[in-house]
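Residue strings, one per chain:
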Amino acid sequence: MNEPTTAAPRTVSHDLPVSAEFAQFMANGWAATPLPADIRLPVADLAAARRAKLSARFPGERLIVPAGEFKVRSNDCDYRFRPHSAYAWLTGLTGEDQAGHVLVLEPDGPHRHEAVLYVRPRSPRTGEEFYRDRRYGEFWVGRRPDLAEAERMTGIRCVHREDHDRLPPGRDASGDGELAAALSELRLVKDAWEVEQLQLAVDHTAAGFEDVVRALPRALAHPRGERWIEGVFGLRARAEGNGPGYETIAASGAHACVLHWIRNDGRLDPRELLLLDAGVETDTLYTSDITRTLPLSGRFSPVQRQVYELVLAAQDAGMAALKPGASFRDFHRAGMRVIAEGLAEWGVLKSAEGDFHRRYTLCSSGHMLGLDVHDCAQARADAYLDGVLEEGQVLTVEPGLYLQPDDETLPAELRGIGVRIEDDLVITADGARLMSHALPRTPDAVEAWMGELLGG
């Protein structure tokens, strides 16, 4: 087998060679199978406007935005490919067939660029790639567009990927910090189509949370109930979209005190809580990010409700601080003030002043959301973390309390309880709209919702 040239090493294939006669036989007798003439991506015009904004930031410079390369998982098996978010945003192309492709903005005069897309086109039937290449061959991984089809899809001039290697260097988004920052900053404010995609992701995620509640009886009976929960949500994510937008956190009991618990190998105990942090990623690669903390018995115990209500009050305060012109950090400060005062009222802290509450909260209370779950992370601080909110931005508000099981500063009844409540919101002209309103937030509403889904 003739192995393709790739960025990642591959194990030598042990396929038997083919005879010249068989190769000739395989090169003939195939019917034409063109893609439909009307295959232009719905987002193609929006992507062109996005490229124009990027062009204006870097006049006269060659800009290179790779989709990324395959990465080997083990031996000759690759991880499922997802194109880089900036590439997807600028081209509208989101499929697994984009591995190795590169968008280049070529200077076309001092104030504009021409977009050129370097792609690996459909394998010709005159060679062996289409039936022998396990990574790119059509009979192995499916059909890719030919160059003309890719051009009709995107509205971008398309040439063969191999021609990219002969280009002079330019600013490459995979290594140029200034270009990466600009791409993040341009994505901070979502257009109407992006907000629609994010709402779709939120709606599918809400359905996935309902699936999880319905599956609780079987999950409680399984020795690795957390994995059962992960699998149930993953089914919804793959059925409705591209899959989970990030590794699902299904954390029961004290596992909820581990911020990114993704082992998900624990048993569920009806006396404890389940912290489920999960999001569906749409086929267009926009993801939701929602967390609910659920009583596995269907009812909060008094101490569980006490912790939950404090986190909910902090989230309410954070959401109330969202509006255009507010500092990005305002909602975190508002929520943490509520947390600190609550911990002081409980006697856990001597005073609400200072930053001692951080022992029990550990991290920030939200982030931008979009093509990445932690979206626009390369943006400069003055445009994001130290910036102000703008209409059209989408973000999460997710305060939490993580009361470690071995923390001797806590009374025994609080130890091992972890609660996070996370919702997705879009900044509007006069405040913020709760996108994830379909899922209950108050403890009474959570209990009623769970009872209805479980038929109790």
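Only a predicted model underlies this, so the values are computations on that prediction, with no experimental measurement involved.

Asker: So what exactly am I meant to see when it comes to the sheet that holds strand β4 (residues 102-107) here?
Answerer: Two pairing modes exist for strands in a sheet, parallel and antiparallel, and in both the strands are linked by backbone hydrogen bonds. In space, the five strands of this open sheet follow the order β6-β5-β4-β1-β7, with mixed pairing throughout. Among the strands making up the open sheet, the edge pair consists of β6 (157-160) and β7 (171-172). Summarising the sheet, strand β5 (residues 113-119) and β6 pair through four bridges and their orientation is parallel. Within the sheet, the bridge partner assigned to Val-119 lies in β6 and is His-160. Along the sheet, helix α6 (residues 147-154) makes contact with β5 and β6, crossing β6 at roughly 150°.

Asker: Looking at this structure, how should I read the nonpolar core?
Answerer: Generally speaking, soluble globular proteins have nonpolar side chains that are buried together. Core analysis: the biggest nonpolar cluster contains 92 residues, and Leu-54, Leu-103, Ile-229 and Leu-401 have the highest contact counts within it. No other element matches the seven residues that helix α8 (residues 192-214) contributes to this core. In contact with Ile-229, not counting residues within four places along its chain, are Val-212, Leu-216, Ala-219, Ala-250, Leu-268, Leu-274 and Leu-276. One finds Met-368, Ala-379, Tyr-384 and Leu-425 within the second-largest nonpolar core, a separate group that totals 15 residues.

Asker: Can you walk me through a nonpolar patch on the surface in this structure?
Answerer: A cluster of nonpolar side chains, namely Trp-30, Phe-139, Trp-140 and Val-141, defines an oily patch on the protein surface of about 420 Å² accessible area. Residue placement: Trp-140 occurs in helix α5 (residues 138-141).

Asker: What exactly am I supposed to notice about the packing of aromatic side chains here?
Answerer: Pairs of aromatic rings are described using the distance from one ring centre to the other and the angle between the two planes. Enumeration according to the criterion identifies twelve aromatic pairs in this entry. On the basis of an interplanar angle of 50° and a centroid distance of 4.9 Å, the ring pair of Phe-300 and Tyr-308 is categorised as tilted. Ring geometry for Phe-328 versus Tyr-384: centroids 5.0 Å apart, planes at 75°, classification edge-to-face. You can see Phe-328 sitting in the loop between α11 (302-320) and α12 (330-346) and its partner Tyr-384 sitting in the loop between α13 (358-361) and β13 (394-397), a full 56 residues away along the chain. Each member of the aromatic cluster is reached from another via a ring pair, and the members are Phe-22, Trp-30, Phe-130, Tyr-131 and Phe-139. The positively charged end of Arg-120 is found above the aromatic ring belonging to Tyr-136, 3.7 Å away from the centroid. Between the NZ or CZ atom of Arg-125 and the centre of the ring of Trp-30, over which it lies, the distance is 5.0 Å.

Asker: Which parts of the structure should I look at to understand the packing of α11 against α12?
Answerer: Packed helices, taken two at a time, are described by the angle between their axes plus the distance between the axes. At a minimum axis distance of 7 Å, the contact between α11 and α12 shows a crossing angle of 150°. Classed by the angle they form, the pair α11 and α12 counts as roughly antiparallel. Crossing of α11 against α12: the hand is right-handed. Note on element contacts: α12 touches α11 through Phe-331, Ala-334, Gly-335, Val-338, Ile-339, Gly-342, Leu-343 and Trp-346, opposite Gln-306, Val-307, Leu-310, Val-311, Ala-313, Ala-314, Ala-317 and Gly-318. Classifying every residue of the contact of α11 with α12 by side-chain character gives twelve nonpolar, four polar and no charged.

Asker: Is there a simple way to think about the side chain of Asn-264 in this case?
Answerer: Take Asn-264: it is sitting in the loop between β9 (249-252) and β10 (273-278). There is a polar contact of 3.0 Å between the side chain of Asn-264 and the side chain of Glu-230. Excluding residues that lie within four positions of it along the chain, Asn-264 makes contacts with Glu-226, Arg-227, Glu-230, Thr-248, Ile-249 and Ala-250.

Cut-offs and rules
- Residues numbered from 1 in each chain as written.
- Predicted model: local features only at pLDDT ≥ 70, side-chain atom pairs only at ≥ 80, totals over all residues.
- Heavy atoms only, no water.
- Pairing = 2+ DSSP bridges.
- Helix = DSSP H or I, 4+ residues; strand = E, 2+ residues; numbered from the N terminus.
- Contact = heavy atoms within 4.5 Å.
- Axes fitted to C-alpha atoms, helices over the stretch in contact; angles between N-to-C directions.
- Core = buried A, V, L, I, M, F, W, Y, C linked by side-chain atoms within 4.5 Å.
- Buried < 20%, exposed > 50% of the residue type's maximum accessible area, 1.4 Å probe, protein only.
- Patch = residues over 30% accessible without salt bridge, like charges linked within 9 Å, V, L, I, M, F, W, Y side chains within 5 Å.
- Areas by Shrake-Rupley, 256 points an atom, 1.4 Å probe, with all protein chains shown as cover.
- Salt bridge = Lys/Arg side-chain N within 4 Å of Asp/Glu carboxyl O.
- Phe/Tyr/Trp six-rings, centres within 6.5 Å; stacked < 30°, edge-to-face > 60°.
- Lys NZ or Arg CZ within 6 Å of the ring centre and 35° of its normal.
- Parallel < 35°, antiparallel > 145°, perpendicular 65-115°, else oblique.
- Left-handed = near helix turned anticlockwise from the far one by under 90°.
- Nonpolar A, V, L, I, M, F, W, Y, C, P; charged D, E, K, R; others polar.
- Polar contact = N/O pair within 3.5 Å; in protein donor to acceptor, adjacent residues only side chain to side chain.

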